[in-house]
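What follows is each chain in one-letter form.
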Number of protein chains: 2
Amino acid sequence: MQNIIIASTSTVHGSGYLEYIIQDLKAFFKNADTILFIPYARPGGISHEDYTRLANKAFAKINIKVKGIHEFYNPAQAIKNAQGIFVGGGNTFVLTNQLYKHNLIDILKQTVKNGTPYLGTSAGSNICGLTIKTTNDMPIVFPPSFNALGLVPFNINPHYLDPLANSKHMGETRETRIKEFHHFNTPPVIGLREGSWLHVTQNSIILKGPLTARVFEYNKVPYEVETETQLNQLK
Amino acid sequence: MQNIIIASTSTVHGSGYLEYIIQDLKAFFKNADTILFIPYARPGGISHEDYTRLANKAFAKINIKVKGIHEFYNPAQAIKNAQGIFVGGGNTFVLTNQLYKHNLIDILKQTVKNGTPYLGTSAGSNICGLTIKTTNDMPIVFPPSFNALGLVPFNINPHYLDPLANSKHMGETRETRIKEFHHFNTPPVIGLREGSWLHVTQNSIILKGPLTARVFEYNKVPYEVETETQLNQLK
């Protein structure tokens, strides 16, 4: 029943918010006239109100209204009743912390498992994985757990970045970081480049968008998969 | 009494491990013939043994022996008895988790406060701050707390990186991330570029190395400080 888009980013370089994917979202949310927006990740620290306005503006182009979860007295009920759900990017720790604080992890997971269409971008995609242990974000708040929704049997690394040629910076590359993850954890990780997304349905996980994705499996050499690759064997 | 070096990195581009700072370390550890190495951060997931060998090789050049904390039956006692302490870089979450697991946070803090010279690089520098909330590392393990040693009244951002001109990547810049930190936390953050370090003594915190550092204070415009600047007013 589930129907999920796990997108690397909300925005690709040189294009507006959600612009690169908006026609796909029109089809994805075809049965919704209003969707529920979860603005908890607060990119750049912006308010829930301002963030919801941004989402509203993008979805207005495909005639879908957006309501922020902070507008509801009972956020769990808002999730249950939603025609569609969008969890935006920002800081994954802030997002996860808020979901735990409002006791929304289980209800969100169950609602999406039951078929309510879910769109995640960036932080909203990180939480679709087993844990948030492969986020790129700074740990600016301490959530009660790194366990996430587990809507897919692996972890996501959004905004996946290839090593920069000629860099003199000694900080770890993204690939090095994910390899370190695999010294302490065994689930696969999908590095989704900006412009890529996964479309997850009941029996299928397909890579979408113009780019390849990089797959990191425990004790294997990382490899690239082409767009339209079926990834439902990965676990 | 305290005597601490908080270094951005162990290695600058094009130079060997600790090479850029080794003569300063000779003076810093002048009263030690053996120092205690804490290899818990395990860069790239290497073993405690291999990491200690690396540190040993660097310190051999200034005739200092290095013993890894994992070689001791009682790590707390090893910290208490050390002539000097070096906590190497790697993953800050792994390091912090191990320190909590072995119940070493308080003893390490007290020992350094009492005057045992402490060198931190990268992750080993992050833990000198109030919290590890400004680390750049991937949260590959879940530590019981983000609270760190608090040897200085602010946070450290090691490997500080200026925004890349012409980047088409939509992930957050370091400055954006630290500004997000200040939406949820008030302590200052010092962005230490690779090659910079802080020398902390009882009444003084001085920026060392060839570069400026970037200081982020709550509700202030970030600013640069020159090398040799006294930073002990910052809190």
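A quick note: this is a predicted structure, and the numbers were derived from the prediction, not measured. (Residues numbered from 1 in each chain as written. Chains lettered and ligands numbered in written order. Predicted model: local features only at pLDDT ≥ 70, side-chain atom pairs only at ≥ 80, totals over all residues. Heavy atoms only, no water.)

Draft legend 1. Geometry of the overall build of chain A. The helix and strand tally for chain A stands at seven helices and 11 strands. For chain A, whose C-alpha radius of gyration is 17 Å, the value lies close to the compact-globule estimate of 18 Å for 235 residues. Burial status across chain A gives 59% buried among its 235 residues. Across chain A, the fraction of contacts at a sequence separation of at least 24, relative to all contacts at a separation of at least 6, is 68%. Put simply, chain A shows about 9700 Å² of open surface, and 49% of that area lies on carbon and sulfur atoms. Across chain A, the mean location of the 22 positive side-chain charges is 4 Å away from that of the 17 negative side-chain charges. (Helix = DSSP H or I, 4+ residues; strand = E, 2+ residues; numbered from the N terminus. Rg over C-alpha atoms; globule rule 2.2 N^0.38 Å. Buried < 20%, exposed > 50% of the residue type's maximum accessible area, 1.4 Å probe, protein only. Contact = heavy atoms within 4.5 Å. Areas by Shrake-Rupley, 256 points an atom, 1.4 Å probe, with all protein chains shown as cover. Lys, Arg positive; Asp, Glu negative; His and termini not counted. Charge placed at Lys NZ, Arg CZ, Asp CG, Glu CD.)

Draft legend 2. Inspection of the layout of surface pockets at higher detail. Roughly 900 Å³ of volume is contained in the largest pocket. If you trace the largest pocket, you find 30 residues lining it, with A:Leu161, A:Leu164, A:Arg174, B:Leu161 and B:Leu164 closest to the centre. Where the lining of the largest pocket is concerned, the elements lending two or more residues are helix 7 (174-184) of chain A together with helix 7 (174-184) of chain B. Looking at the lining of the largest pocket residue by residue, the class counts come to eight nonpolar, 12 polar and 10 charged. (1 Å grid on protein atoms, 1.4 Å probe; cavity = no way out; pocket = protein on both sides within 12 Å on 5 of 7 lines; lining within 4 Å. Points joined across faces, edges and corners; volume = space filled by probe spheres on them. Nonpolar A, V, L, I, M, F, W, Y, C, P; charged D, E, K, R; others polar.)

Draft legend 3. A look at the relation of the copies chain A and chain B. Once turned by 180° and shifted 0.0 Å along the axis, chain A lies on chain B with an RMSD of 0.0 Å. In short, the pair behaves as if placed about a two-fold rotation axis. When the interface residues of chain A are mapped onto chain B, 100% of them again lie at the interface, so the same face is used by both copies. (Least-squares fit on C-alpha atoms with pLDDT ≥ 70 in both.)

Draft legend 4. Expanded view of the sheet that holds strand 3 (residues 65-68) of chain A. All names here are of chain A. Here seven strands make up an open sheet; going across it, the order is 3-2-4-5-1-8-9 and the pairing mixed. On the outer flanks of this sheet lie strand 3 and strand 9 (204-208), each paired with one strand and no other. Strand-to-strand twist across the sheet, computed as the mean angle between neighbouring axes with direction ignored, equals 20°. With five bridges connecting them, strand 8 (residues 197-201) and strand 9 associate as antiparallel partners. By the bridge assignment for strand 9, tryptophan 197 is matched with lysine 208. (Pairing = 2+ DSSP bridges. Axes fitted to C-alpha atoms, helices over the stretch in contact; angles between N-to-C directions.)

Draft legend 5. Focus on the pattern of salt bridges. Counted under the stated rule, the structure contains 20 salt bridges over all chains. In this structure, a network of salt bridges that share partners links the residues A:Asp162, A:Glu175, A:Lys179, A:Arg193, A:Arg214 and A:Glu224. (Salt bridge = Lys/Arg side-chain N within 4 Å of Asp/Glu carboxyl O.)

Draft legend 6. Here's a closer look at the sheet that holds strand 7 (residues 189-191) of chain A. Residues and elements named next belong to chain A. Here we have four strands laid out as an open sheet, ordered 6-7-10-11, and mixed in their pairing. Two strands in the sheet have a free side with no partner beyond their single neighbour: strand 6 (155-157) and strand 11 (223-225). Along the sheet, successive strands turn relative to each other by an average axial angle of 30°, direction set aside. In this sheet, strand 7 lies alongside strand 6 in parallel orientation, the contact comprising three bridges. Bridging across to strand 7, isoleucine 156 finds its partner in isoleucine 190. Strand contacts of helix 7: strand 6, strand 7 and strand 10 (213-216), with the helix running at about 30° to strand 10, the strand carrying the most contacts.

Draft legend 7. Up close: the interface of chain A and chain B. With 47 residues of chain A in contact, the opposing surface of chain B contributes 47 residues. The largest per-residue losses of area from chain A upon contact with chain B belong to A:Met138, A:Ile140 and A:Phe142, which jointly make up 18% of the total buried on that side. There are zero salt bridges connecting chain A and chain B. Our enumeration of links across chain A and chain B arrives at 10 residue pairs in polar contact (both at pLDDT 80 or more). Going through the elements one at a time, helix 4 (92-101) and helix 7 of chain A are the ones with two or more residues in the side of chain A that touches chain B. Residue contributions to the side of chain A that touches chain B peak at seven residues, all from helix 7 of chain A. Grouping the constituent residues of the side of chain A that touches chain B by class yields 20 nonpolar, 18 polar and nine charged. (Buried area = accessible area lost by both parts, 1.4 Å probe. Polar contact = N/O pair within 3.5 Å; in protein donor to acceptor, adjacent residues only side chain to side chain.)

From the geometry alone we can't say anything about function, so treat these as descriptive.
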